[in-house]
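This is what each chain is made of:
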Amino acid sequence: MTIEELTSTVQTKACSYLNETGDTVDTFPSSIADFVIEYAINESHFPADYRDDQIAKRLQRCSNALAMACVEVYSKIAAEGEKQHNENGVNRVYDGAWISTRLHDVLPNYVGVL
């Protein structure tokens, strides 16, 4: 699997999740999927000698969580960078300003203590 294939898989899943909730989306924004996958790669701290196909294979295991992180970012449109948002009497509080810290629980982590 390549990073591009992983991105496509995550986009498709995110689009399906949104459509299930009644938010009709024909194509999920690639910029959000790219952002989430780049974030996941950076937060996983893969060894420097890992190739892109190895990274994609490891991240494929958490593609559902990546898709849900994409939906989370998508739902924060117009509230970017905020931990809470009030609009028209609706108050929303988010776990994080961009991506929920819960994503860290499912990402592979290659940092160890010496």
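Heads up: the structure comes first, above all this text.
Residues numbered from 1 in each chain as written. Predicted model: local features only at pLDDT ≥ 70, side-chain atom pairs only at ≥ 80, totals over all residues. Heavy atoms only, no water.

## Side note on the packing of aromatic side chains
Reasoning step 1: Under the defined criterion, the tally for this structure stands at two aromatic pairs.
Reasoning step 2: On the basis of an interplanar angle of 45° and a centroid distance of 5.6 Å, the ring pair of Phe28 and Tyr74 is categorised as tilted. Taken together, the residues span a long stretch of sequence, with Phe28 in the loop between helix H1 (3–20) and helix H2 (30–44) and Tyr74 in helix H4 (residues 63–75) at a distance of 46 residues. Tyr74 matches Phe28 in its accessibility class, with the two residues each being buried. (Phe/Tyr/Trp six-rings, centres within 6.5 Å; stacked < 30°, edge-to-face > 60°. Helix = DSSP H or I, 4+ residues; strand = E, 2+ residues; numbered from the N terminus. Buried < 20%, exposed > 50% of the residue type's maximum accessible area, 1.4 Å probe, protein only.)

## Here we look at unusual backbone geometry
Reasoning step 1: Backbone geometry places His45, a non-glycine residue, at a positive phi of 55°.
Reasoning step 2: With respect to the secondary-structure elements, His45 resides in the loop between H2 and helix H3 (52–60).

## Looking at the nonpolar core
Reasoning step 1: Phe28, Val36, Leu59, Leu66 and Cys70 are the most contacted members of the largest nonpolar core, which totals 29 residues.
Reasoning step 2: Examining the composition of this core, we find that seven residues originate from one element, H4, more than from any other.
Reasoning step 3: Excluding its chain neighbours within four sequence positions, the residues that come into contact with Leu66 are Val10, Val36, Ala40, Leu59, Leu103 and Leu107. (Core = buried A, V, L, I, M, F, W, Y, C linked by side-chain atoms within 4.5 Å. Contact = heavy atoms within 4.5 Å.)

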